[in-house]
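# Report on the structure
These are the residues of each chain, in order.
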Amino acid sequence: MYDLIFLSDSAAGRRFDIALVGAILLSILVVVLDSVPMVRARHTDLMHMLEWGFTLLFTAEYVARLVCVRQPLRYATSFFGIVDLLSVLPTYVSLLVPGSEALLDIRILRLLRVFRIFKLTLYIEEYTRLGEALAASRRKIMVFLSVVLMAVLILGTVMYVVEGPARGFTSIPTAMYWAVVTMTTVGYGDITPQTTLGKAIASFMMLLGWGILAVPTGIVTAEMSARRNDRRRGPARLPRNCSACGSGGHEGRARFCRDCGAELPAVMGKH
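A short tour of the structure in this document, coming up. Predicted model only: the values in this text are computed from it and were never measured.

### Focus: the overall build of the chain
- Regarding its fold elements, the chain presents 11 helices and zero strands.
- Along the chain direction, N to C, the helices and strands of the chain fall in the order α-α-α-α-α-α-α-α-α-α-α.
- Taking all 271 residues of the chain together, 34% fall into the buried category.
- Once local pairs closer than 6 in sequence are excluded, the contacts in the chain between residues at least 24 apart make up 56%.
- A total of about 16,300 Å² of accessible surface is found on the chain, and carbon and sulfur atoms cover 68% of it.

### Observations concerning a nonpolar patch on the surface
- The grouping of V143, V147, M150, L153, I154, V158 and I172 at the surface amounts to a nonpolar patch, some 590 Å² of accessible area in total.
- What makes V147 partly exposed here is its relative accessible area of 48%.

### Concerning the packing of aromatic side chains
- Across all of its chains, the model carries four aromatic pairs by this definition.
- Judged by centre distance (5.6 Å) and plane angle (75°), the ring pair of W52 and Y92 falls under edge-to-face. Of this pair, W52 sits in helix α4 (residues 44-68) while Y92 sits in helix α6 (residues 79-95), and the two are 40 residues apart along the sequence.
- For W52, a relative accessible area of 18% gives the class buried.
- When its relative accessible area of 26% is taken as the criterion, Y92 is described as partly exposed.

How each quantity is defined
- Residues numbered from 1 in each chain as written.
- Predicted model: local features only at pLDDT ≥ 70, side-chain atom pairs only at ≥ 80, totals over all residues.
- Heavy atoms only, no water.
- Helix = DSSP H or I, 4+ residues; strand = E, 2+ residues; numbered from the N terminus.
- Buried < 20%, exposed > 50% of the residue type's maximum accessible area, 1.4 Å probe, protein only.
- Contact = heavy atoms within 4.5 Å.
- Areas by Shrake-Rupley, 256 points an atom, 1.4 Å probe, with all protein chains shown as cover.
- Patch = residues over 30% accessible without salt bridge, like charges linked within 9 Å, V, L, I, M, F, W, Y side chains within 5 Å.
- Salt bridge = Lys/Arg side-chain N within 4 Å of Asp/Glu carboxyl O.
- Phe/Tyr/Trp six-rings, centres within 6.5 Å; stacked < 30°, edge-to-face > 60°.

What follows is the structure in structure tokens.
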């Protein structure tokens, strides 16, 4: 059961992953369609039946994952373990709420079903690569964001002084909000500069925003390229999962899980 659910290096494991990905996508489609009033009114019984079908399916999968790992509590408290629980819990909670009035409030919890889509990251390797690149470049991104925040603070304060409360810039936080909207080139238009100097500053911030938006993309892209080159030179990552917590993507030379510290299964063909 563990090989079937957690490993994808066999035909059965790949078929299981493909089937589960399909079920996740279909369940998300049901959630989206259920939010459309016309569809919900015409197909109430069908949507209810499909939702319970997916709930029971994912419940069985969640229980199977807990059964086949050595330390179920570790998996249950991991990120994907919590996602698994949140994806099925709201449907069961709705059964415990008596009265139709309370069901209007519990429907908010049913929105947690969209957490099922996060389970797709278990089966797509590129998500792991992107996560590694973001984690490796987090300090550079934090430095970049701090510079952006300083620019927003300085330019927002300048606009507060130049335009003033009479033109909508009633406080420095309001001016900072305008600066964020302007630098990200969103431009809601609820607050606009009226003076010539204010318009010149706004134009500068819009041009500055174009360059700023490209910086995080370049940082992450460079990190992804560096890691791709490292994998070509170093040992390849094998589809090895921890039998204790289910974490995957470990290097071929790794002996212990990077998340929980449990010993990893031996690489095939090695002792």
